[in-house]
Amino acid sequence: MIPKNEKREIGDEAVWSLSTAKPGNGVEQLRDDNNDTYWQSDGSQPHLINIQFHKKMSIVEVGFYLDYKLDESYTPKKLSVRAGTTFHDLEEVHLLELEEPNGWIYLPIGKIANHGGQKVLRTHFLQIEVLAMHQNGRDTHIRQVKIYGPRQSSNHRMLHSAQAGGQFTSSEFLQFSCIR
């Protein structure tokens, strides 16, 4: 798990869609920060969560809130996380097998190191597929999903700005170089 001060939740910057959902148990419940609500699929498998960003994003971690004690046969047992540009070029980046999960499950999915040393996955599109449920269940419950990107420190931003030629040198510009 990546420390909170090194990541930020970026799921609100994406468009979310689901393969199917029971009325009242859709994307809103999956993203409402309430562990008592959940997405419930409704129909044949595969059960999919599609997360599409308007620009290529850096992703370090995906978090799932699952509760086997409450959801039993609806609880995912096997999840596949795929990344790509569109539906047509998705590649699996992680396969997760779970045994009676209870609480937050954090999945680091970074592949390459960024400027801060964190491993990130750069993608436009993320897809989560529920491959199997506990007790051979048919539909699924996922209570929350969070997508995390790296948090840049102010030192890193200042260093990057200086490298890009953003350092002020004249007295006219130096007076505007900081905000009070």
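Residues numbered from 1 in each chain as written. Predicted model: local features only at pLDDT ≥ 70, side-chain atom pairs only at ≥ 80, totals over all residues. Heavy atoms only, no water.

Novice: Quick one: what's the story with the pairing of strand 10 (residues 119-133), residue by residue and with numbers?
Specialist: Taken together, the nine bridges between strand 4 (residues 47-59) and strand 10 define a ladder with antiparallel strand orientation. Among the inter-strand pairings, Ile51 is bridged to a residue of strand 10, identified as Leu126. Note: strand 6 (residues 76-84) against strand 10, eight bridges, orientation antiparallel. Each bridged residue has a counterpart across the sheet, and for Gly84 the counterpart in strand 10 is Phe125. (Pairing = 2+ DSSP bridges. Helix = DSSP H or I, 4+ residues; strand = E, 2+ residues; numbered from the N terminus.)

Novice: Please provide a residue-by-residue account of the confidence of the model for the protein chain, values included.
Specialist: Averaged over every residue, the pLDDT of the protein chain is 88; the share at 70 or more is 81%. Throughout residues 154-160 the model reports pLDDT below 50, and contacts reaching past four residues in sequence, or to other chains, amount to three contacts. (pLDDT = per-residue confidence, 0-100. Contact = heavy atoms within 4.5 Å.)

Novice: Before we move on, can you summarise the pattern of salt bridges with the specific residues and values?
Specialist: All chains considered together, the criterion is met by nine salt bridges. The closest approach of N and O atoms between Arg31 and Asp12, which form a salt bridge, is 3.0 Å. Of this pair, Arg31 sits in the loop between helix 1 (27-30) and strand 3 (39-40) while Asp12 sits in the loop between strand 1 (7-9) and strand 2 (14-18); the two residues are 19 residues apart in sequence, bridging distant segments of the chain. Overlapping salt bridges, with partners in common, bring together Glu9, Asp12 and Arg31 in one network. (Salt bridge = Lys/Arg side-chain N within 4 Å of Asp/Glu carboxyl O.)

Novice: Pulling in residues and values, what's your account of the sheet that holds strand 1?
Specialist: Read across the sheet, four strands follow the order 1-12-5-8 without closing on themselves; strand pairing throughout is antiparallel. Taken across any chain shown, the strands that pair with only one partner, and hence form the sheet edges, are strand 1 and strand 8 (102-108). Strand-to-strand, the axes of this sheet are offset by a mean angle of 25 degrees, without reference to chain direction. Relative to strand 12 (residues 144-150), strand 5 (residues 61-67) runs antiparallel, the two being bridged by five bridges. Looking across to strand 12, one finds that Phe64 is bridged to Val145. (Axes fitted to C-alpha atoms, helices over the stretch in contact; angles between N-to-C directions.)

Novice: How would you explain unusual backbone geometry if you had to name every residue and give the values?
Specialist: In this model, Gln45 is joined to Pro46 through a cis peptide bond whose omega is 10 degrees. Mapped onto the fold, Pro46 is located in the loop between strand 3 and strand 4. You will see that Asp33, though not glycine, has its phi angle at about 60 degrees, which is positive. With respect to the helices and strands, the residue Asp33 is situated in the loop between helix 1 and strand 3. What makes Asp33 exposed here is its relative accessible area of 58%. The residue Glu100 is not glycine, and still its phi comes out positive at about 50 degrees. Mapped onto the fold, Glu100 is located in the loop between strand 7 (91-97) and strand 8. Here Glu100 falls in the partly exposed class, since its relative accessible area comes to 46%. (Buried < 20%, exposed > 50% of the residue type's maximum accessible area, 1.4 Å probe, protein only.)

Novice: Give me the nonpolar core: which residues, what numbers.
Specialist: One finds Ile49, Ile51, Phe64, Leu126, Ile128, Val145 and Ile147 to be the most contacted residues of the largest nonpolar core, which totals 31 residues. Contributing elements (two or more residues each) for this core: strand 2, strand 4, strand 5, strand 6, strand 7, strand 8, strand 10 and strand 12. Leaving out residues up to four positions away in the same chain, Ile147 has contacts with Arg8, Glu9, Ile10, Gly11, Trp16, Ile51, Phe53, Ile59, Glu61, Val62 and Leu126. (Core = buried A, V, L, I, M, F, W, Y, C linked by side-chain atoms within 4.5 Å.)

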